[in-house]
Amino acid sequence: MKILTHNMMACTKKQCMGKGFPLKVECTEQIVLEQEFNYEFTKNIYPKLDWAGIAEISKKFNIPIQLDTTKHSLEDEEFLKTLHSLLCNLKVITGSLTCPNCQRVYPIDKGIPNMLLREDEIYQDIKE
Amino acid sequence: MTDSNIDIDKLNLNESFKEEKLNENDNDDDDDNNTISRNKSKKELKKLQKQQYKQQKKQDKKNNKVNKIINEGVPDISEEKINFEEPKTDREAYQVEVKHVREIYDRIALHFDSTRYKAWPIVEKFLEKVSIGSIGVDVGCGNGKYLGLNKNSHLIGSDICNNFTSICNEKHYESLVADNLYLPYKSNSFDYAISIAVIHHFSTFDRRTEALREIIRVLKSGATLLITSWATTQKWKGKNYDYQDVMVPWLFQNQFDMTKKNDEKQDKHISSNNKNNENENKNEDENENENGDEKIIEKSGSQYEVYHRYYHLFENGEFEKMVAQIPECEIIENNLDHDNYYCLIKKK
């Protein structure tokens, strides 16, 4: 799971709609990829980002990045490089994601988050 | 005199012609020994040729079956109408899909991956057009054949089948395990979405509509979804379905078994095949054996298993009916291509 993917994610439960993000990250294994910086790509990605999600990651992985959006400048290449590297090169291999609303824990194994609800979670309200 | 001679000759000619005609029909009871032996050998030759032709045809048919499946993943085994009753409750539908879609794909994922590498031009064109720095979702990404097509876009693949996401991860694509009905994404977030040959695996109209509604939910206003499904008119495969809910066979080669450590299952297959070899059908190189839900076929030393996947084949107007239930979206384009409906749906 790359950080850009994490930035789009939320809890799958209907009860958490609008409240299930950013997912809290636990990480026991990560890798750093070496994707080249792409100015155009990063500039276009920027307005789509959820900065509460970036803050969560910045804190978790102790990566310094300007979180105050009023101080951001798309002319600042250093800032965009840091952002690109954070979004596209950091990949969580093993760990978990926790919903800030319902506390449901989703495991991440071999780089793949498992966001599947169990049958009893889906049908918990239906009395057979 | 000359006239009568001619007449006799004519008569003889006619008779010999008659004889030859009879011989050809293999019905003559001529007393002439030569004729009998000649006819007999002719008969035998014909019989032999007929047999060879039949065998060849049978062999071709078998080869065709296997090749078609291995090369294109298009099953050519005649579809079986397995008694399919529309599930009465949503939970029943869920269970049908787990058993007849999710578990089957989990089993055949690796084999499926070896057959699905060609991108469908319509999807390719759609992905080429997305802008640099756009973020998209591929809902039901399978082996991820569309995930790496446009390097300028961040496309996240998801599939309910665990083994498919593992295959995607090995190809260094972003993928996660998720249910189309419960997508793990924020609402109004994505610039585009694709759903290729996925929606037909849901077993009720309500679930298909909910699956579509869920994809629309995660799209931004103005974003487009490309969604495709199999159609009832499968003419290019030489078929025309007269029912919509079908079980489509997959001839699975054991070499693609992702659970090779499962010795017990392997042993079971081998023993059932050995049992088969003791049968009278020794000359047959293909033995079929029913074993619960799955069929085992041995062909030229390789083992195959037949698995059936559930499909709801789409009729004309079905996407329209679904979209009519979702006021947030509208159809931009809806067409038939190679017996697949493809539909461009825009979020308002």
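Per an unreviewed UniProt entry, chain B goes by Methyltransferase type 11 domain-containing protein and derives from Dictyostelium firmibasis.

Going by the annotation in an unreviewed UniProt entry, the name recorded for chain A is Multifunctional methyltransferase subunit TRM112-like protein, with Dictyostelium firmibasis given as the source organism. Listed under Sequence similarities (unreviewed entry) in UniProt, the entry text for chain A is "Belongs to the TRM112 family."

Participant: Help me get a handle on the sheet that holds strand β4 (residues 190-195) of chain B, residues and values and all.
Facilitator: Pairing between sheet strands relies on hydrogen bonds along the backbone, with the strands arranged either parallel or antiparallel. All names here are of chain B. Read across the open sheet, the 7 strands follow the order β3-β2-β1-β4-β5-β11-β10; overall the sheet is mixed. Two strands in the sheet have a free side with no partner beyond their single neighbour: β3 (175-177) and β10 (329-337). Within this sheet the neighbouring strands show an average axis-to-axis angle of 15°, counted without direction. Here 5 bridges tie β4 to strand β5 (residues 219-230), and the two strands are oriented parallel to one another.

Participant: Please give an account of the side chain of Lys-186 of chain B that cites residues and values.
Facilitator: Topologically, Lys-186 of chain B is positioned in the loop between β3 and β4. In this structure Lys-186 of chain B touches Asn-7, Met-8, Met-9, Ala-10, Phe-21 and Asp-50 of chain A together with Arg-217 and Val-218 of chain B, once residues within four positions along its chain are discounted.

Participant: Tell me about the interface of chain B and chain A, and name the residues and values.
Facilitator: Across the contact, 37 residues belong to chain B and 33 residues belong to chain A. With both sides pooled, the region where chain B packs onto chain A buries about 3100 Å², and carbon together with sulfur makes up 59% of that total. It is Arg-91, Tyr-182 and Lys-186 of chain B that lose the most area in chain B upon contact with chain A, and together they represent 24% of the buried surface on that side. On the surface where chain B and chain A come into contact, there are 4 salt bridges. Asp-191 of chain B serves as the salt-bridge partner of Lys-48 of chain A, at 2.7 Å between the closest nitrogen and oxygen. Our enumeration of links across chain B and chain A arrives at 18 residue pairs in polar contact (both at pLDDT 80 or more). The set of elements that each furnish at least two residues to the side of chain B that touches chain A consists of α3 (90-115), β2 (154-159), α5 (162-170), β3, β4 and α6 (205-218) of chain B. Examining the composition of the side of chain B that touches chain A, we find that 5 residues originate from one element, α3 of chain B, more than from any other. Among the residues making up the side of chain B that touches chain A, the classes are represented as 14 nonpolar, 12 polar and 11 charged.

Participant: A description of the sheet that holds strand β1 (residues 24-32) of chain A should follow, citing residues and the corresponding values.
Facilitator: Judged by pairing direction, the sheet is antiparallel, and its 4 strands sit side by side in the order β1-β2-β3-β4 (chain A) without closing on themselves. Strands with a single pairing partner mark the edges of an open sheet, and in this sheet they are β1 and β4 (112-113) of chain A.

Participant: Lay out the pattern of salt bridges with the relevant residues and their values.
Facilitator: All names here are of chain A. The full count for this structure, using the stated rule, is 17 salt bridges over all chains. Taking the shortest distance from any N to any O, the salt bridge between Lys-13 and Glu-121 comes out at 3.7 Å. Within this pair, whereas Lys-13 is found in the loop between α1 (3-6) and β1, its partner Glu-121 is found in helix α5 (residues 119-122), the two being separated by 108 residues in sequence. Accessibility expressed as a relative area gives 15% for Lys-13, which makes it buried. Between Glu-121 and Arg-104 there is a salt bridge; the shortest N-O distance is 2.6 Å. Of this pair, Glu-121 sits in helix α5 while Arg-104 sits in the loop between β2 (90-98) and β3 (105-109); the two residues are 17 residues apart in sequence, bridging distant segments of the chain.

The rules behind the values
Residue numbering note: each chain is counted from 1, following its sequence as written. Both sets of labels track the order of writing: A upward for chains, 1 upward for ligands. Thresholds applied to this predicted model are a pLDDT of at least 70 for local features of residues and 80 or more for the giving and counting of side-chain atom pairs; totals over whole chains, interfaces and linings are not thresholded and use all residues. Heavy atoms from the whole structure form the basis of all side-chain values; hydrogens and water molecules are not counted. UniProt positions are given in the numbering used here, feature names are shortened, and annotations may be inferred rather than shown by experiment. Pairing between strands requires that DSSP locate at least two bridges from one strand to the other. Per the convention used, a helix needs a DSSP run of H or I reaching at least four residues, while a strand needs a run of E reaching at least two, with both numbered from the N terminus. Every axis in this analysis is a line fitted to C-alpha atoms, fitted for helices over the stretch in contact. Angles between the N-to-C directions lie between 0 and 180 degrees. Whether two residues are in contact is decided by their heavy atoms, any of which lying within 4.5 Å being enough. By definition, the buried area sums, over both parts, the 1.4 Å-probe accessible area that each loses when the two are put together. The salt bridge definition used is simple: a Lys or Arg side-chain nitrogen within 4 Å of an Asp or Glu carboxyl oxygen. A 3.5 Å cut-off defines polar contacts: any pair of N or O atoms within that distance qualifies, except that in protein one atom must be a possible hydrogen donor and the other a possible acceptor, and neighbouring residues in sequence count only when both atoms are side-chain atoms. In this count, Pro and Cys sit with the nonpolar residues alongside Ala, Val, Leu, Ile, Met, Phe, Trp and Tyr, while Asp, Glu, Lys and Arg are called charged and the others, Gly among them, polar. Burial classification: accessible surface area is computed with a 1.4 Å probe over protein chains only, and a residue below 20% of its type maximum counts as buried, one above 50% as exposed, and the rest as partly exposed.

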